[in-house]
Structures are given as C-alpha cells and as structure tokens.
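Residues per chain, in single letters:
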Amino acid sequence: MTLRTYVNTNVLLIQNYSDYSCPVANNYADNKIRSDDTVQTTVSRSCHDGYRRADRVLVKVQDLTPDKADQLIWLRARVHTSRAKGKQCFLVLRQQQFNVQALVAVGDRASKQMVKFAANINKESIVDVEAVVRKVEQKIESCSQQDVELHMERIFVISQAEPRLPLQLEDAVRPDGEGEEEGRATVNQDTKLDNRVIDLRTTTSQAVFRLQSGVCQLFRDTLINKGFVEIQTPKIISAASEGGANVFTVSYFKTSAYLAQSPQLYKQMCICADFDKVFCVGPVFRAEDSNTHRHLTEFVGLDIEMAFNYHYHEVIDSITDTMVQIFKGLRDNFQTEIQTVNKQYPSEPFKFLEPTLRLEYTEGVAMLREAGVEMGDEDDLSTPNEKLLGRLVREKYDTDFYVLDKYPLAVRPFYTMPDPNNPKYSNSYDMFMRGEEILSGAQRIHDAQLLTERAQHHQIDLEKIKAYIDSFRYGAPPHGGGGIGLERVCMLYLGLHNVRQTSMFPRDPKRLTP
Amino acid sequence: MPMYQVKPVCGGDIQIDLPTCMYKLPNIHAQQEHSCTSEHALQNGEVDPAVKALEARQDEIMRKLYELKAAVEGLAKTVTTPDADLDLTVSSSLSPQSSSSTAFKGTADLDTLLGKDLGALRDIVINANPEHPPLTLLVLHSLLCQRYRVLSTVHVHSSVTSVPPQLMSCLGPRHVDSYARHLFQLGFTLIWKNVPTLQMKFSIQNMCPIEGEANVARFLFKLLTPYPSDPAVATLVDSWVDTAFFQLAEGSTKERAAVLRSLNSALGRNPWLAGPEFSLADIACFCCVQCSGSASSAPANVQRWLKSCENLGHFSPAKLLLQ
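Residues numbered from 1 in each chain as written. Chains lettered and ligands numbered in written order. Predicted model: local features only at pLDDT ≥ 70, side-chain atom pairs only at ≥ 80, totals over all residues. Heavy atoms only, no water.

Visitor: What am I meant to see in the overall build of chain B here?
Guide: Summing up its helical and strand segments, chain B has 11 helices and five strands in all. A buried classification covers 40% of the 323 residues belonging to chain B. Sequence separation of 24 or more characterises 72% of the internal contacts of chain B that already satisfy a separation of 6 or more. Of the roughly 18700 Å² of accessible surface on chain B, a fraction of 58% belongs to carbon and sulfur atoms. (Helix = DSSP H or I, 4+ residues; strand = E, 2+ residues; numbered from the N terminus. Buried < 20%, exposed > 50% of the residue type's maximum accessible area, 1.4 Å probe, protein only. Contact = heavy atoms within 4.5 Å. Areas by Shrake-Rupley, 256 points an atom, 1.4 Å probe, with all protein chains shown as cover.)

Visitor: Any chance you could explain the domain arrangement of chain A here in plain terms?
Guide: You'll often see interface size given as the accessible area lost when the parts meet. All names here are of chain A. When the domains of chain A are assigned, the result is domain 1 (55-159), domain 2 (169-201) and domain 3 (204-501). Across the contact, 11 residues belong to domain 2 and 10 residues belong to domain 3. Here domain 2 and domain 3 share an interface that buries about 770 Å² over both sides, 40% of which is from carbon and sulfur atoms. In this structure, the connection of domain 2 to domain 3 is made through zero salt bridges. Inspection of the region where domain 2 meets domain 3 yields five residue pairs in polar contact (both at pLDDT 80 or more). Contributions of two or more residues to the side of domain 2 that touches domain 3 are made by α3 (169-173), α5 (189-194) and α6 (196-199). At three residues, α5 tops the list of elements feeding residues into the side of domain 2 that touches domain 3. Residue composition of the side of domain 2 that touches domain 3, grouped by class: five nonpolar, one polar and five charged. (Domains from an automatic or database assignment. Buried area = accessible area lost by both parts, 1.4 Å probe. Salt bridge = Lys/Arg side-chain N within 4 Å of Asp/Glu carboxyl O. Polar contact = N/O pair within 3.5 Å; in protein donor to acceptor, adjacent residues only side chain to side chain. Nonpolar A, V, L, I, M, F, W, Y, C, P; charged D, E, K, R; others polar.)

Visitor: When you look at the pairing of strand β8 (residues 249-252) of chain A in this model, what are you seeing that I'm missing?
Guide: On any regular strand, side chains alternate: one points to one face of the sheet, the next to the other face. All names here are of chain A. With four bridges connecting them, β8 and strand β9 (residues 255-259) associate as antiparallel partners. Counterpart to Y252 in the pairing with β9 is T255. Between β8 and the antiparallel strand that follows it, β9, lie two residues; F253 among them carries a positive phi value of about 50 degrees. (Pairing = 2+ DSSP bridges.)

Visitor: Whenever I open this one, the environment of D398 of chain A confuses me. Can you help?
Guide: Relative to the helices and strands, D398 of chain A is located in the loop between α12 (383-397) and β14 (401-405). In the structure, D398 of chain A is positioned 45 residues away from L353 of chain A in sequence and 8.4 Å away in space, judged by C-alpha atoms. Apart from residues no more than four positions distant in its own chain, D398 of chain A is found in contact with K351 and V393 of chain A together with H157 and K193 of chain B. Within the structure, D398 of chain A has its side chain in polar contact with the side chain of K193 of chain B (distance 2.5 Å).

Visitor: Sorry, what's going on with the sheet that holds strand β7 (residues 236-237) of chain A here?
Guide: Sheet strands line up and pair through hydrogen bonds in the backbone, either parallel or antiparallel. An order of β7-β9-β8 (chain A) is seen for the three strands of this open sheet, with the pairing classed as antiparallel. The open sheet terminates on both sides in strands that have one partner only, identified here as β7 and β8 of chain A.

Visitor: Help me out: how do you make sense of the confidence of the model for chain B in this one?
Guide: Interpreting fine coordinate detail is not advised for predicted regions of low pLDDT. Residues and elements named next belong to chain B. On average, residues of chain B score 79 in pLDDT, and 84% of them are at 70 or above. Taken together, the stretch residues 34-38 has pLDDT below 50 and engages in seven contacts with residues farther than four places along the chain or on a different chain. Ignoring residues within four places in sequence, the model shows residues 84-108, a span with pLDDT below 50, making 30 contacts including any to other chains. Reported for the predicted complex are a pTM of 0.78 and an ipTM of 0.79. (pLDDT = per-residue confidence, 0-100.)

Written out as structure tokens, the structure reads:
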C-alpha cells in the first residue's frame, strides 16, 4: 500500500465518505478507493491531473500571518519534523527559511488512521496540505511564523524522502559552542560538503547564498549605472598569464592549453579596444596546493578594468565606491539574511566609511612599527601583519574595509606602473576586509616599450608574453583595475571563517565532488 | 754571519700619515627631505659647526621676521575691529608672554607635541555625531590649516545612513595634493558616526581616546599655541571652556541666562574673555552661544564681543554650518 498516488480531490468527494472504513479516507494520500474513477496511480500521469488543478492557489509559508486567520488554504512544503502525541500529531512544515506549525487531531475532520499517517511521514518529504489558519494566543517561538498555526484537513505526500537522512538539519544549524555544551550533535564541515544538497536546505545556507546572489546583483547594477560594459572572457588560454606555476593544464586536441588564472589579459585588451570601462563575472582557476580557510582552486571572480583620465586614483575611487554601494545594499536590504547567519555564526556587523579610507603603504608600515613589528620599508606584508594592520585600522578608524595605496614596486607583478615620483614604489593598491586581502590591483603599464623593460627586469621570457605586449603597440589608454573573489567577499562580510561555507560546491586540492 | 750588507735604500724613519677614513660619504640614514630640522650629519655623526651656526642665524632672523609680522597683523586688526585702541601689539607688550604664539616653530613643534615622526602622515581621527556638529573643532581646524599643511577628509560611517551635504563639505574643498598623503604634516579625519559623545583618536599604542568636545578642543588648541604660562590665566581659560560646553550648550534657559550675564560682566573689563588676548575660551564661548541661539538676545558687551570675534575671520566655517 505504498504506491505514490496523486489523488484527485474533487470537491464533491468530500461529502461522500460514509462508504469507507475511515471516515475521512479521502483526505490523505494512502487511500485510492473512490467513487469517481479518476485515480492516478503513477506520478507520470499527474500532468493530466495537474492541468485540472492549475487554478488551485498555493499559499507561501512566509505569507501565513494573522490576517489570514480562519481561511482555508493550500500549501506545499517539506515536513521538517513530525511528532505524535496521543490523539494529535504536530508537524512543522518548512519552506526555505520559513516554517510553521501544523497539527492534525482526531475529531470530525480527521481519523486515528490519518493522525497515524501524518506521524509516519518521513522527514524532508514534500507534502501538499489543505488547512485552516488559526491564530494562537501564545507565540510559537520555534517557528518563523510565530502567530499562527495550521489545522490540517487534508495532507498528501507529493515526493517521499528516504527514512534515514545522512545528516539532520537541526544539527547542521546548531552553533558549535551550543553543541558541545548541551551534548547535542553538530555536523562537521566535511559531512556537510559531502551531502551538500541537504545542507543547502538549512536556513543558514539559504541565507548565505541569497546574500551572495545579492552581492552579484549589486555589483552588476552599480557598475552598469556607472557606464561599465559587461564582457565575457575566454577561460581556455594558450599561455599562463600571471605566473607559470599555478595553472591547470587541459588537453586541447593535439596540444595542451591552460585554464585561465584571471581575466587580466583580456580585460586589458578590451580597454585597448576602446570599451573604456569593463567588468566581468566568471570562474577563475588557480592550481595552488594551499589548503587554507580562504583558498579554493575554482572561484567566481568579479573583475573590473577601466581607462582613466589623469590619475589612477580615479580607478581606486570607482572601485571603492562600487564596494561601498554593495555594502550599503546588503546593509539595507539583506538584514534578515545577515541575522539568520549570525544565529549560527555570531559575528560583529560589518563597518565601513564613505568615502573609503585610503592609507599609504608607508603609513601602514609606520602603524605596524609603532605596534612593535620589525619590517623593512620595501617588505611585503605577511598574512599575520595584514591581520594586525586590519585590527589597528579598525581600532583607530572603526572601519573593516580600507585601501592600502602605493605598494613597493619590488613586490608587485611586472606589468605594474612604477610611481613617477619615487621609483621604489608603484601605483598599486590592495583592499582589505576584516584584515584579509580581497583585491590586488594597480595601474597597468600601457606603453609597450616600458612593459618590455619591466618584463626583462623580472627575467620573464618575452616570447611567452609576445601577444600581451603586442596589444599595447597600437595606442593604449592609461588604465587600471582589480578583481575580487565573490566567495571571499561574502565570507568576510558575514564574518565567517571558511570560504567553503560561501561556495555552493567548493573545489579545493582535496575535493572534486559534488 | 750575514752574507752581504746592503746600504738601506730609503731612510727608515719616514713618517707616513695613514688616513683613518678611506673616503667620506653623506650619511645614508639622513632624514627625509620634508623634515625641516635635518642636520646634514657626516658619516661618523659629526655636524659641521659652520652649518650649525648658519642655521642658528637663520632661526634668529626668522624669529625676528615673525615678531614683525605679528606687530603688523596687530596693526591691521586695529583697522577692522571696532575697538581701535585694543590692538594686539599693545596688548602683547603688556602681557608677560612674548609673541611666542606666532613664532616660527615648524615640524619640531609637532614632534614634541605628538611624538616622534615615524615617516608617515600623523592622522587625527575625530568621530562626531551629525546631529551635534562640533563647531569649535571646525574653527580650530581652519586655524590649524593656516599653521600647518593639513590633509582634511570627511567620511560617513556605516552606522549613519545619510548626512546633509553641508556636513560633508564642512572642512572646505579637497586639497590639490590630497592624492599624496605623505606631503602633509598633519591629517584631520572627521568621521560622522552614531556616537554618544564626540571622540578623538590619535595614537592607538600611546594614547587612549579623548572624549568630549571641550577636551578635544584643548588638545587641538595646544597644537597651535601653548596655554598661557600664567596659571591663573590658564585656569580662567579652562573654566570658560567648561562653562561654555556644560552650561551654555547643555544647560537650561536659566543657566544660559546666568552664563550670558557673567560673560557680559567679564567682557566689560577686558576685550577678550581671558584678558587682553584671544584664546580658546573665546572660540568655545562664541560657538556655544551661536549654537544655543542666544546670540540675538545677548547683552551689549557680549554683542560687541561677538562682532569682534566675527571680524577675526576664523569663524566663517562655523557660521556657514549654522545657516
């Protein structure tokens, strides 16, 4: 008796129950005996049925508020939990981040068999429910819809889940500290990533990825409003762009090719092709064997490149303004998502200044030296120093986002434009969120001659980058830009600690599936 | 027995003067160009005495020049202030203090007041609530800009949604050289933030934050000129500053009226609040009187004093904001 029946619930049938053993046998899914012979016994015929039911309106759980009290509504949701207590069965029905309590009690609308049926529905199954919305006097703290509950009249299983789940959703959402204290289980990251489909159903994951979608949307909207053009760059390239070591090789017919480390080369070619201001959103592949909390082998890169008129600070101002608009958009429109994530992963809210704080590299070094760090004027910042500098800047200026300008030339790639006033420094900048670097950018050398000299200085084989240098030979405007990683920006904005939490199906040296 | 003897080719006792130093180089650890007190030391640390004497003479000449400039400025003020018999040359010769308030001090002054120069911009950060803009600090900022090269920036913190445009431009237009922070001696960063009281941060390692507009005003004023050396006058200045911020700005109408009466009597005796010289007390009281809106209803001496303050020209940023 476990055929998945998709029962046609014609209104006339409801009155016709006196012939069956269970008085309300039509109201739940196991039963297939009816007077009207239009029972569909296989799921594949449900499309015929579905057409007849296209006028039924399914209410969303998030719309179940006291103003719908005493209405009879239909809804489709997952069974989050089901608990039988004597003659009653309590279910929590969940739809994405929202859940609502539903109950079925033995009485004139429901029989003992129906209550037993409801209690035995496997967790995570998808059900269609017809119920009356009732107001409750005492708020239901454990649900998102706290002021109402559903008194079920009919319940049908649309898609059944297997009884044993690889992980329990309540465990996946429990904060780590709470789990240890009360002796309850939490789920570790590897298990979550192995069963990503179920883990993504949790309220926290839903909130994180909705926020990530918001970041992408705000990025695009802000740049389009500034007059940027979105471009798509190729990911299969013939030569490694940044450095030789960290590229994936793919076999390409009779030869081999590489997966793009960054869209740098093509962004610059677009500027030389008179697109003036471009951005692109696409995957970036880095074959670094770093198993850290903030490195992935494949991530989504949001890259910007623009030509400027007189000073490369125009580029910095444009990029920082875009970031500030993204932060403001998140602060104003995604508070629910931020609070949901904070329940499981508490963190301080993200603070920023408008216009963005811009410090020079020498100032950063001075602040670090004042705090006791010993470093040379032209040394690069190590990761602990970056974090310390982030804390010092937060202490003094109360901002989690700032730009460090005028890096020493020695630590930057060969295509970085040197500072005209001081040859030891360069027109390059890094941007930091919560003390971790999110963007490395610079004014690029747009003169083929200077570029060749700098490449020779860095002992790079000119043959390998001939195509790159050629693009600047026919008039290239002065330009600059930078790129951020979507996952890292989301992780740092929310104050999470591992970039895999903000990547839907993360890729790292040890993980290739799902 | 030796095989054969040879007469010595050269005399055995020629004195050879071996130099101790192969060649002299300028000290590679010389201080950077923008510092005005570099001593051009030679490689082993000595300083050429001739250069030192020249520097001393130059300092002396500059000091005399600035004294002259102060005298001329005092004379100029007699043209604009209504009280022509109260020019600063007369008043400064009466007071025990010399004209050190306008003497040439330069960066060495900043070194003593703010700590050693670490080779980067010394940035003063002020967090203010946009609902209570600190007029005194704006006035002090314009005074600081006249004395030093100041890089001023205004930011809005994420705790505040938006700020009216006149608060964004209250520190004046952006400096032409603002792309190069290291060209400036002092940084003045004003952040509009949702803070309960005004707060100033300068050196995280050595200083705790300074709270309250009165205290920050005292700190900034000391960058311009030291407090009067006479302790009685210094205490008088301090007590007027406190009166301004506690009773004028935050007090009830009765308290404010009482303050205005005491202002009136004090100004009957002297042209400025703390005696013959313009001081922080005048700045603080002027701003608080204007803020509390009692300027029009003030007694006669106070009105006269308000006019003389405005004539000085330092208060234009505050007036702009009040409109």
